Amino acid sequence: MEIYTALKMIWALLLGVLLTGLAVMVGMDMGVGTLLRFVGRNDAERRAALNIIGPHWDGNQVWFILGGGAIFAAFPTLYATSFSIFYIVMILLLFSMIMRPVAFEYRSKVDASRWRETWDWAFLISGAVPMIVYGAAIGNVLQGVGFHFSWDGQYYQDESFIWYLLNPFALLCGALSLALSIHQGGAMLMIRGEGAIAMRARRFAIWGGAIAAALFVIGGIWVPFIRGFVYTQPVNPAMAATPLNGPAVAMQAGAWMRNFHSFPILWLAPALGLAGMILGPLALAARRPVLGWWLGAIAWIGTIGTIGAAMFPFLMPSTTAPSQSLTVWNASGSAYNLGWMLVFALIFTPAVIAYTSWAFHLMGGKVNPEKVSRDDHLY
Amino acid sequence: MRHVIKMVALGLILAFALLLAVVAGDYAPWYFAWLVGTTMIVLIAASGAVLFETQDAARDRRRDNL
Amino acid sequence: MINPTVVELSRLQFALTALYHFLFVPLTLGLSFILAAMETVYVITGKPIYKDMTQFWGKLFGINFAIGVATGLTMEFEFGTNWSMYSHFVGDVFGTPLAIEGLMAFFMESTFVGLMFFGWDRLSKPAHLAVTYLVALGSNLSALWILVANGFMQDPVGATFDPNTMRMQFTDLGALVFSQDAQAKFVHTSIAGFVTGALFVMGISAYYLLRRQHRDFAARSFRMAALFGVIASLAVVTLGDALGRMDYLVQRTKLAAIEGIWHTTTPPAAPWTIFALPDQSARKNIAAIEIPYVLTPLVTHSWNTAIPGIDSLEREAKPKIVNGIQAATALKAYAGTKNPAALAEFRKYQSDLGYGLLAQRYAPDQDLAKITKADLPGVVDRTAQATIPNVFVEFWSFRIMVAFGFAFIAVFAFGAYYSLKNELEEHPWMLKAAMWSIPLPVLVCEYGWIVAENGRQPWSVYGWLPTFVSASTHGVGYMVFSLVGFALLYSLFIAAELYLMFKYARLGPGFREAPAAAQAGAGPGLGRPGYANKSWE
């Protein structure tokens, strides 16, 4: 195998790792934000819920930023095309995402119920909207998007944004993503929350996990019937990265199942996802929140792994110009760039994981609403 | 033994600093200037505070003597 | 066809969101190191007042930091959402520093900032100090990688254009990271942040001193900030000179616009224009006040090097434009046919490709193939004129930036002098000057951004990719939607931010003036109920 091909595959894998890290860590915080108004019935309880993730949300959010940066560098054409094509929802995602840091820092700095109520709504929006957009974007990509390129590599959009905003399969994926984040956030609220907060969070999280499992099964039944994409001409994986003049691609219902038929071991991914979604709520019901949290993380790994396994090597297929579909082979950075980034990733990812774990360990322990409400330094 | 380890550690830091200075001096003069300059700015600001405490203590002594 | 309205709206949105983001960044860069300096004194002397200082200024840091992070999210994604051609064209080299920034710097800064705010009770004194230093280092490293990326836009080194992938491909990490432009720009920007942070602390301390409030607290903060600022403000001017020289070496159009040089003058008589109203259509300076024999040594650091004026820069651009049109035409032919003859033709002119892309805008129907022999001189003329940025904006942004830069040195110098003599309260004019100067460094940083980025026009990547062809192919409706949303949301944020800043600055540190509290030693002795973690009681 050529080195360039190997680098492309490694970065496709790392893209999956990033999307999973983002989903697990940011998803957890989003879940807490979504649940804030429901698990906290008074100000002290809401502040306690916020301070459970208070020391960590900022670090977790970097997964999201790194996701953007890594797609930019490792798959420049994918970054350029997908973010522009999904403009309306990307902007909605940004609007809701940028409310969140401000909400954290400003909410508890003014002692007025209207001020705090307003920011609590901001938490609901900035928790739910990004997760729905995240899932829906993946759902849209799975079905293919209408776009083509001109000779210079500029994209042109061939379908209305109304379609990707309101397309039923994408909405299903959005709901799945939201449900998983509620499970994850609820589990975290149980780990560090006390009394009523943990009790209410448990109820929501169990429902979140159970609904996610149901949606995942529905999605699994649906996927074989949607249009998938497949190369119909031989492909050179080490080709120069350009979507122009590429080998032919066909659209076929059920094409997303081909990888599973060729490599049955890939069934492990959906099995893992479903197992996480079923066992996660059971663990929470048995009041084992740490186990439930990790099972939720496994559910995310399984879900994103399933999508990756189904689509590989496609990243964002085009319905209007299938041969210009963006794939791992034709949308990646140069070998030099991918190589150096891999070096940086190998050095810094372990460091990041080490100090993030240390931070969680250091700031661990229960968060008590009474103590929180007496401490103005906290959120 | 602890002294030996300490000396070795300090020696390593010194070697690293020298290496940094040589390499950075060639390729990255401005980055190197930033490192040195920022350290200096922080130290000067801190020593300003320490001087403040000394002046403050001297003033208190003068007041007590009066 | 590229819709010029969409390009202008995309530029407007990027400029507004970047300028807005940059309202908060400099304070983060500077205040983080000032916090580290304060905490260093706390750890060395053990005096609790320095812990109070770290915590109080840390609180204001947090109010500012949150909105800086929030608006930074926009920047990370806006290249993709609005500048698709740009992202495709340079993502291979420009995206890399952004990704490394996240991995190396932003993770560090963001993880440790949580520990900095909430880890006081759980970390030992030296460990917490180390955390504070990591936050300061992380935020500045973050700026480093962003400015490495920006350095590439100003002076594209470390990448070459590849006609097979239709983009610039990364070839040299060392050249990119150690680019002279990136280096000087990072240090200039970071130190400008130091100035902003120092004046922020000094100004608010001056406000307390004027009102005879929190005097022990304010005098100490003032002292540290004044010394911090006096060196930083000197350094920022030095680095500004270095950057000016960089422009002389790699971006002569920017330099000519900054100095309003319409015509080349023979050295060393080239005058430095102190005041003028540059008129781009008449191509001259109105009401100019000039000092001869200053500009040549100032910019070139020599007596006999000519500084090219706008007229000769345009003349130099014309052959490049003619070649560039050939290159772009050949490239398009090659893209369709993979014809080796077209490739050979392209290779001949490839270094001028950017000028061909720039000429697209002035070609009939934006199509280079439709340029007739008769059209050509007209297209070349208009393209050549377009290589010059807006001179008036550049000229005045630069002068405002430099004038305030020197004024800050004076403010800090007086502040440091009277602080060292412990005579601050006898010189209220000085305190007032410091207080009213608080917003000025922020403003000056904005002007610095304008000088750097307006001066880079008409290019998004200097000499390679015109801004005009960089944008996404959105409709006007998309742009209106996002612009209105950003305007509304960002206005609300700044209102909330200013409200909280004023509220907390006015409330003050709540430090008990009674010496008993200071000697109690076990943490912050804070007067206002509910302000602090009262575990010490």
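The structure reproduced in this document is the subject of the present report.

Definitions and cut-offs
- Residues numbered from 1 in each chain as written.
- Chains lettered and ligands numbered in written order.
- Predicted model: local features only at pLDDT ≥ 70, side-chain atom pairs only at ≥ 80, totals over all residues.
- Heavy atoms only, no water.
- Phe/Tyr/Trp six-rings, centres within 6.5 Å; stacked < 30°, edge-to-face > 60°.
- Helix = DSSP H or I, 4+ residues; strand = E, 2+ residues; numbered from the N terminus.
- Buried < 20%, exposed > 50% of the residue type's maximum accessible area, 1.4 Å probe, protein only.
- Lys NZ or Arg CZ within 6 Å of the ring centre and 35° of its normal.
- Pairing = 2+ DSSP bridges.
- Contact = heavy atoms within 4.5 Å.
- Buried area = accessible area lost by both parts, 1.4 Å probe.
- Salt bridge = Lys/Arg side-chain N within 4 Å of Asp/Glu carboxyl O.
- Polar contact = N/O pair within 3.5 Å; in protein donor to acceptor, adjacent residues only side chain to side chain.
- Patch = residues over 30% accessible without salt bridge, like charges linked within 9 Å, V, L, I, M, F, W, Y side chains within 5 Å.
- Areas by Shrake-Rupley, 256 points an atom, 1.4 Å probe, with all protein chains shown as cover.
- Core = buried A, V, L, I, M, F, W, Y, C linked by side-chain atoms within 4.5 Å.
- Axes fitted to C-alpha atoms, helices over the stretch in contact; angles between N-to-C directions.
- Parallel < 35°, antiparallel > 145°, perpendicular 65-115°, else oblique.
- Left-handed = near helix turned anticlockwise from the far one by under 90°.
- Nonpolar A, V, L, I, M, F, W, Y, C, P; charged D, E, K, R; others polar.

### Regarding the packing of aromatic side chains
Item 1. The final tally for this structure, using the stated rule, is 69 aromatic pairs over all chains.
Item 2. Here the aromatic rings of Phe-38 of chain A and Phe-204 of chain A are separated by 6.0 Å at their centres, their planes lie at 45 degrees, and the arrangement is tilted. On the criterion of sequence distance, the pair formed by Phe-38 of chain A in helix H1 (residues 3-39) and Phe-204 of chain A in helix H9 (residues 195-222) is long-range, its members being 166 residues apart.
Item 3. The interplanar angle of 80 degrees and the centroid separation of 5.4 Å between the aromatic rings of Phe-56 of chain C and Phe-217 of chain C together place this pair among those described as edge-to-face. One end of the pair, Phe-56 of chain C, is in helix H2 (residues 48-82); the other, Phe-217 of chain C, is in helix H7 (residues 215-250), with 161 residues separating them in the sequence. Exposure class is identical for Phe-56 of chain C and Phe-217 of chain C. Each is buried.
Item 4. Taken together, Phe-64, Phe-72, Tyr-79 and Phe-83 of chain A together with Phe-14, Phe-77, Phe-79, Trp-83, Tyr-86 and Phe-94 of chain C form an aromatic cluster joined through their ring pairs.
Item 5. Above the face of the Tyr-4 of chain A ring, Lys-8 of chain A is positioned so that its terminal group lies 4.2 Å from the ring centre.

### Considering unusual backbone geometry
Item 1. With an omega of 5 degrees, the peptide bond between Phe-312 of chain A and Pro-313 of chain A qualifies as cis.
Item 2. One can find Pro-313 of chain A in the loop between helix H12 (289-311) and strand S5 (314-316).
Item 3. Between Gln-457 of chain C and the following residue, Pro-458 of chain C, the backbone shows a cis peptide bond with an omega angle of 5 degrees.
Item 4. Examined against the element boundaries, Pro-458 of chain C turns out to sit in the loop between helix H16 (440-454) and strand S5 (459-461).

### Considering the pairing of strand S1 (residues 159-162) of chain C
For a regular strand, side-chain orientation follows a simple rule: the groups alternate between the two sheet faces.
All names here are of chain C.
Item 1. Summarising the sheet, S1 and strand S2 (residues 167-170) pair through four bridges and their orientation is antiparallel. Directly across from Thr-160, in S2, lies its bridge partner Gln-169.
Item 2. Counting the residues between successive antiparallel strands, the hairpin from S1 to S2 contains four residues, one of them, Met-166, with a positive phi of roughly 60 degrees.

### Side note on the interface of chain C and chain A
Item 1. Contacts between the two partners involve 87 residues from chain C, matched on the other side by 78 residues from chain A.
Item 2. Summing both sides of the interface, chain C and chain A together bury roughly 7,600 Å²; the carbon and sulfur share of this comes to 72%.
Item 3. When the area that chain C buries against chain A is broken down by residue, the three leading residues are Phe-77, Phe-107 and Phe-118 of chain C, summing to 11%.
Item 4. In this structure, the connection of chain C to chain A is made through zero salt bridges.
Item 5. Our count for the contact surface shared by chain C and chain A stands at 25 residue pairs in polar contact (both at pLDDT 80 or more).
Item 6. Secondary-structure elements contributing two or more residues to the side of chain C that touches chain A are H2, helix H3 (84-118), S2, helix H10 (310-337) and helix H17 (476-507) of chain C.
Item 7. Top element by residues in the side of chain C that touches chain A is H3 of chain C. It accounts for 26 residues.

### A few points about a nonpolar patch on the surface
All names here are of chain C.
Item 1. On the surface, a cluster of nonpolar side chains totalling about 560 Å² of accessible area is made up of Ile-274, Phe-275, Leu-277, Ile-286, Ile-289, Ile-291 and Phe-392.
Item 2. Counting only elements with at least two residues in the nonpolar patch, the list comes to strand S3 (272-279) and strand S4 (284-291).
Item 3. The topology assignment puts Leu-277 in strand S3.
Item 4. On the basis of relative accessible area, Leu-277 is assigned to the partly exposed category, the value being 36%.

### Brief notes about the nonpolar core
Side chains of a nonpolar character, in soluble globular proteins, are inclined to be buried together.
All names here are of chain C.
Item 1. By size, the foremost hydrophobic cluster in this structure holds 312 residues, and its most contacted members are Trp-57, Met-202 and Phe-493.
Item 2. At 20 residues, the largest contribution of residues to this core is made by H3.
Item 3. Apart from residues no more than four positions distant in its own chain, Trp-57 is found in contact with Leu-31, Leu-35, Met-38, Phe-200, Val-201, Ile-204, Ser-205, Phe-217 and Ser-221.
Item 4. Core analysis: the second largest hydrophobic core is formed by eight residues, Leu-255, Ala-270, Val-299 and Ile-307 among them.

### Some details on the environment of Ala-331 of chain A
Residues and elements named next belong to chain A.
Item 1. Checked against the element boundaries, Ala-331 lands in the loop between strand S6 (326-327) and helix H13 (335-362).
Item 2. Measuring from C-alpha to C-alpha, the distance between Ala-331 and Leu-315 comes to 8.4 Å, with 16 residues separating the pair along the chain.
Item 3. Residue contacts for Ala-331: discarding those within four places in its chain leaves Ala-74, Phe-75, Pro-76, Thr-77, Leu-78, Leu-315 and Leu-326.

### Things to note about the pairing of strand S3 (residues 227-231) of chain A
Residue and element names in this part refer to chain A.
Item 1. Of all the five residues making up S3, four are buried; the element is thus mostly covered by neighbouring parts of the structure.
Item 2. Across five bridges, S3 lies against strand S4 (residues 249-253) in antiparallel orientation. The partner of Phe-229 across the bridge, within S4, is Met-251.

### Structural notes on the packing of helix H4 (residues 125-154) of chain C against helix H6 (residues 180-210) of chain C
Residue and element names in this part refer to chain C.
Item 1. For the pair H4 and H6, the least separation of the axes is 8 Å and the interaxial angle reads 135 degrees. Considered as vectors, H4 and H6 are oriented oblique to each other. The element H4 and its partner H6 pack so that their crossing is right-handed. Along the contact surface, H4 presents Asn-140, Ala-143, Leu-144, Leu-147, Val-148, Asn-150, Gly-151 and Gln-154, while H6 presents Asp-181, Ala-182, Lys-185, Phe-186, Thr-189, Ser-190 and Phe-194.
Item 2. Looking at the contact of H4 with H6 residue by residue, the classes come out as seven nonpolar, six polar and two charged.

### Topic: the interface of chain C and chain B
Item 1. Taken together, the contacts link 33 residues of chain C with 21 residues of chain B.
Item 2. Interface area, chain C with chain B, both sides summed: about 2,500 Å², of which 74% is carbon and sulfur.
Item 3. Sorting the residues of chain C by area buried against chain B places Gln-183, Ile-231 and Asn-422 of chain C first, and these three jointly supply 20% of that buried surface.
Item 4. Counting across the interface, chain C meets chain B through three salt bridges.
Item 5. Between Arg-220 of chain C and Glu-53 of chain B there is a salt bridge, with its nearest N and O atoms 2.5 Å apart.
Item 6. If you look at where chain C meets chain B, you find 13 residue pairs in polar contact (both at pLDDT 80 or more).
Item 7. Breaking the side of chain C that touches chain B down by element, the ones donating at least two residues are helix H1 (4-45), H4, H6 and H7 of chain C.

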